[in-house]
Amino acid sequence: MSTHEHTRAAWEDASQKHVREYAEHLEMARTWRLLPVEESVLGPLLPGAEVLHPQSGHGLDDHALLRLGAASVHGLDYSPTAVEAAQRRADELGVPCRYQLAELPRTGLADGTVDLVYTGKGALIWLEDLHGWAQEMRRLLRPGGHLFVLEAHPLVPLWAWDADEARVREDRSYFAASHLNDTFPSRGATEHQRTLAEIVMTVQGAGFELLHLAEHPEPFWQPEGEDPAAAWDGRLPNTISLLARRC
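Below is a short write-up of the structure.

**Description of the packing of aromatic side chains**
Item 1. Counting across every chain of the model gives 4 aromatic pairs.
Item 2. For the pair Trp-161 and Trp-221, a centre-to-centre distance of 6.1 Å together with 70° between the ring planes defines the contact as edge-to-face. Of the two residues, Trp-161 is situated in the loop between strand S5 (141–152) and strand S6 (178–180) and Trp-221 in the loop between strand S8 (208–216) and strand S9 (239–246); the sequence distance between them amounts to 60 residues.

Following this line, the structure appears as structure tokens:
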């Protein structure tokens, strides 16, 4: 099995969580909200916007996007389990979300079909072809449309999750091209690692104007059963937010 096939299989296995926790997610979707930084940056852009959410996963953020005024959300994921669970939930709640299988960077969608691309919370690390992804997102946006990213800071793979001391893992390098995932959602799958400079330059090189870039100390995710890590005490970067406009 190739590295890509192994990662895809691991993600499909991890997506079974969306089925096991379906009832819980259904209730969560009714009141789910984005993080404060997301609401602050996206708030003015969402009213009436048609949104694309690549790597949509459980789809809970899509309900939050609608609550902030989005007209519709189109989610893409390469896990059949994730797509089926998200569509079932949207149908039960009667909201304008639709989901389809897609393996990025190819989507099969027509040019200029959306106003906003929302990419959030642990998506970029699964992309083998970041350049192709950025170019495809630009193609799908209408002129003047926006790309938003809320993602783990590229330094996060270096942080050890010890509760008593913030330290850098000895087995990781900031400049490594990839590393093996050793936590949820897919232990043993390959994560593709980029520097902050590479992410920014890739987005700009694809034909976007950078409007917002910020680094945040708060993590957006905590592994189940883990005590709060010392790396999350406000001294180290754990999240980035980025907004760019299609030129």
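There is more to say after this.
**Topic: the pattern of salt bridges**
Item 1. On inspection of all chains with the given rule, the structure shows 13 salt bridges.
Item 2. In this structure, the salt-bridge partner of Glu-39 is Arg-33, at a minimum N-O distance of 2.7 Å.
Item 3. What emerges from the salt-bridge pattern is a single network uniting Glu-38, Asp-61 and Lys-121.

**Some points on unusual backbone geometry**
Item 1. Following Leu-104, the chain continues to Pro-105 via a peptide bond in cis, the omega torsion being 10°.
Item 2. Mapped onto the fold, Pro-105 is located in the loop between strand S3 (97–101) and strand S4 (114–120).
Item 3. The phi dihedral of Gln-55 falls on the positive side, at around 55°, and the residue is not glycine.
Item 4. Note that Gln-55 resides in the loop between strand S1 (50–54) and helix H5 (60–67).

**Considering the environment of Ala-197**
Item 1. Turning to its location among the elements, Ala-197 is positioned in helix H8 (residues 196–205).
Item 2. What makes Ala-197 exposed here is its relative accessible area of 51%.

**Regarding the packing of helix H3 (residues 22–29) against H5**
Item 1. With their axes 9 Å apart at the nearest point, H3 and H5 run at an angle of 15° to one another. Judged by the inter-axis angle, H3 sits roughly parallel to H5. Every pair of crossing elements has a handedness; the one defined by H3 and H5 is right-handed. Between H3 and H5, the residues in contact are His-25, Met-28 and Ala-29 and Leu-60, His-63 and Arg-67, respectively.
Item 2. The residue makeup of the contact of H3 with H5, split by class, is 3 nonpolar, 2 polar and 1 charged.

**Focus: the nonpolar core**
Item 1. Formed by 33 residues in total, the largest nonpolar core has its most connected members in Leu-52, Val-117, Leu-124, Trp-133, Met-137, Leu-147 and Phe-208.
Item 2. The set of elements that each furnish at least two residues to this core consists of S4, helix H7 (130–140), S5, H8 and S9.
Item 3. When residues in this core are grouped by element, the largest group, 5 residues, is from H7.
Item 4. In contact with Val-117, other than residues within four places in its own chain, are Leu-52, Pro-54, Met-137, Leu-141, His-146, Leu-147 and Phe-148.
Item 5. Of all hydrophobic cores here, the second largest spans 21 residues; its members include Val-41, Tyr-99, Leu-116 and Tyr-118.

**Focus: the pairing of strand S2 (residues 72–77)**
Two faces make up the sheet, and in a regular strand the side chains alternate between them.
Item 1. Within S2, 6 of the 6 residues are buried, which leaves the element mostly enclosed by the surrounding structure.
Item 2. The alternating pattern of S2 places Ser-72, His-74 and Leu-76 on one face and Val-73, Gly-75 and Asp-77 on the opposite face, and all of these are buried.
Item 3. By the bridge criterion, 5 bridges tie S1 to S2 in an arrangement that is parallel. When the sheet's bridge partners are listed, His-53 is paired in S2 with Gly-75.
Item 4. For the crossover from S1 across H5 to S2, the handedness is right-handed.
Item 5. The sheet contact formed by S2 and S3 spans 5 bridges and is parallel. Bridge pairing in S3 links Val-73 to Cys-97.

**A few points about the side chain of Arg-194**
Item 1. For Arg-194, the position within the fold is in the loop between strand S7 (190–192) and H8.
Item 2. For Arg-194, the side chain forms a polar contact with the main-chain oxygen of Leu-124, separated by 3.1 Å.
Item 3. One polar contact links the side chain of Arg-194 to the main-chain carbonyl oxygen of Leu-127, over a distance of 2.6 Å.
Item 4. Excluding anything up to four places from it in sequence, Arg-194 contacts Leu-124, Leu-127, Glu-128, Asp-129, Leu-130, Pro-154 and Ile-199.

The rules behind the values
- Residues numbered from 1 in each chain as written.
- Predicted model: local features only at pLDDT ≥ 70, side-chain atom pairs only at ≥ 80, totals over all residues.
- Heavy atoms only, no water.
- Phe/Tyr/Trp six-rings, centres within 6.5 Å; stacked < 30°, edge-to-face > 60°.
- Helix = DSSP H or I, 4+ residues; strand = E, 2+ residues; numbered from the N terminus.
- Salt bridge = Lys/Arg side-chain N within 4 Å of Asp/Glu carboxyl O.
- Buried < 20%, exposed > 50% of the residue type's maximum accessible area, 1.4 Å probe, protein only.
- Axes fitted to C-alpha atoms, helices over the stretch in contact; angles between N-to-C directions.
- Parallel < 35°, antiparallel > 145°, perpendicular 65-115°, else oblique.
- Left-handed = near helix turned anticlockwise from the far one by under 90°.
- Contact = heavy atoms within 4.5 Å.
- Nonpolar A, V, L, I, M, F, W, Y, C, P; charged D, E, K, R; others polar.
- Core = buried A, V, L, I, M, F, W, Y, C linked by side-chain atoms within 4.5 Å.
- Pairing = 2+ DSSP bridges.
- Right-handed = clockwise from strand over helix to strand, strands pointing away.
- Polar contact = N/O pair within 3.5 Å; in protein donor to acceptor, adjacent residues only side chain to side chain.

Purely spatial values, then, with no claim about function.
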